[in-house]
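Next come the chains, spelled out residue by residue.
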Amino acid sequence: MKTRAAVAFEAKQPLEIVELDLEGPKAGEVLVEIMATGICHTDAYTLDGLDSEGLFPSVLGHEGAGVVREVGAGVTSVKPGDHVIPLYTPECRQCKMCLSGKTNLCSAIRETQGKGLMPDGTSRFSYKGETIYHYMGCSTFSNFTVLPEIAVAKIRTDAPFDTSCYIGCGVTTGVGAVTNTAKVQPGDNVVVFGLGGIGLNVIQGAKMAGADRIVGVDINNSKKEWGEKFGMTDFVNPKETSDVVAHLVELLDGGADYSFDCTGNTDVMRQALECCHKGWGTSIIIGVAEAGKEIATRPFQLVTGRNWRGTAFGGAKGRTDVPKIVDWYMNGKIAIDPMITHRLTLDEINKGFDLMHAGESIRSVVVY
Ligand code: NAD
Ligand code: AHE
Ligand code: ZN
């Protein structure tokens, strides 16, 4: 079949809207009509050539929601007409990682996914006879995409596509980092670095968990009002503070119980660790750093009881947890609507990247 898609033909170039050839689902796969997709900073990072796994030409996008249109042989958990959210972290429920109960990092298809291919080692997308790579196993910047059955979460049919797509990455990552990874407890003090599409969800997760002080840190002062909407109690602009770590340690009587990096900047990751309370403070890295970057601190920071951890997709097990997060949204336990600042057509998708880089959007969503 044919599908309209925004293709990343080359790094650092605008996406091009073209009609691709798409092969139907093979055994264990499903064809999904994507109804809406968010634009996450990770898409921009890959498009900018900063991802060591980045491949071109490819169809980016990993924050979608849509409808199953066709299923391949042997598919039992979804059927045509089901509403689904694609999962860049699948959940096979059979691999060592899934069975460990210790991680959401399913290993069933990770190797081929990182090579831009389906589990059988081939791509379903092509253009004028040339292979176009998949991205993060999702490729939601295509109106139709093919996904492994283990990489779709079936969700309720009354959830709007243009908001619930955000649960495919940003919402689950931010809220899950608080509830699944950090396990923030009532009364804890939290610091969040980077108040974008992820950081604001960390803030609303921390508020939901009953955190006491929720301090937001961003170099863009317009993010103060955004943070306050979701439960932030204090705002710090590091550009207006001579020593941001000392300031945070002072503000929180010794430092944060939990801090979160939502910037991808390795210098900020160090600040996030070092603003943690001696003896127990834990810093969670969410931000994705560009290829070649490394983190550093004095080992003394860890010797004296600070902990450095990370999280992917908020530690969520996609097929199990995503439908529950959709319920949280539909029941009003978490907010999504105010964070969708822009709705665009597929033809306008490059504008979504411009708005992100200019710090003018929280989430832009492409509605097909
Ligand atoms: P975004 O562009 O919406 O937000 C980034 C925010 O960080 C902006 O508000 C920006 O002003 C702020 N910022 C930039 N430099 C800063 C600095 N030096 N100090 C303080 N604030 C600073 O991006 P996003 O979509 O929220 O994504 C944030 C990061 O999370 C990205 O690195 C993205 O790749 C990553 N991410 C990781 C996961 C995961 O599973 N681990 C999932 C989604 C996104
Ligand atoms: N490909 C990069 C790493 C990118 C990365 O860490 N991705 C996160 C999700 S970001 C979503 O917006 C993730 O899930 N990581 C776990 C994994 O298995 O990829 C690189 O450095 O090579
Ligand atoms: Zn993302």
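Values in this document were obtained by computation on a predicted structure and should not be read as measured data.

Participant: Before we move on, can you summarise the nonpolar core with the specific residues and values?
Facilitator: By size, the foremost hydrophobic cluster in this structure holds 100 residues, and its most contacted members are V190, V191, V192, V202, A206 and F260. If you tally residues by element for this core, the top one is strand β3 (residues 29-38), at six residues. Two domains each provide a minimum of three residues to this core, namely domain 1 (2-168 + 336-367) and domain 2 (174-311). If we ignore the near neighbours within four places in the chain, the residues touching A206 are V178, V184, V190, A211, I214 and G231. I39, C40, F353 and M356 belong to the second-largest nonpolar core, a separate cluster that totals five residues.

Participant: Go over the domain arrangement of the protein with me, naming the residues and quoting the values.
Facilitator: Domain annotation of the protein identifies domain 1 (2-168 + 336-367) and domain 2 (174-311). Contacts between the two partners involve 12 residues from domain 1, matched on the other side by 10 residues from domain 2. The biggest single contributor to the side of domain 1 that touches domain 2 is helix α1 (residues 41-47), with three residues. Here the residues of the side of domain 1 that touches domain 2 are counted per class, giving six nonpolar, four polar and two charged.

Participant: Outline the site of ligand 2, supporting the account with residue identities and numerical values.
Facilitator: Surrounding ligand 2, one finds 13 residues, the nearest of these being T42, S52, E53, V288 and A312. Looking at the shell around ligand 2 residue by residue, the classes come out as seven nonpolar, three polar and three charged.

Participant: Got a sec to walk through the environment of H134? Specific residues and values, please.
Facilitator: Positionally, H134 belongs in the loop between β7 (130-132) and β8 (144-148). Exposure remark for H134: the 26 C-beta atoms within 10 Å place this residue in the buried category. Sequence spacing of H134 and L147 is 13 residues, and the spatial spacing of their C-alpha atoms is 9.7 Å. Leave out the neighbours within four places in its chain, and H134 touches S58, V59, G116, L117, M118, S123, F125 and S139.

Participant: Give a description of the environment of H277 that names residues and reports values.
Facilitator: Relative to the helices and strands, H277 is located in the loop between α9 (266-274) and β14 (282-285). Here H277 falls in the buried class, since 20 other C-beta atoms lie within 10 Å of it. Sequence-wise, H277 and S100 are 177 residues apart; in three dimensions their C-alpha atoms are separated by 30 Å. Ignoring any residue separated from it by four or fewer positions in sequence, one finds H277 in contact with G254, G255, A256 and D257.

Parameters and conventions
Residues numbered from 1 in each chain as written. Chains lettered and ligands numbered in written order. Predicted model: local features only at pLDDT ≥ 70, side-chain atom pairs only at ≥ 80, totals over all residues. Core = buried A, V, L, I, M, F, W, Y, C linked by C-beta atoms within 7 Å. Buried ≥ 20, exposed ≤ 12 C-beta atoms within 10 Å, placed from the backbone. Helix = DSSP H or I, 4+ residues; strand = E, 2+ residues; numbered from the N terminus. Domains from an automatic or database assignment. Contact = placed C-beta atoms within 7 Å. Nonpolar A, V, L, I, M, F, W, Y, C, P; charged D, E, K, R; others polar. Near = placed C-beta within 6 Å.

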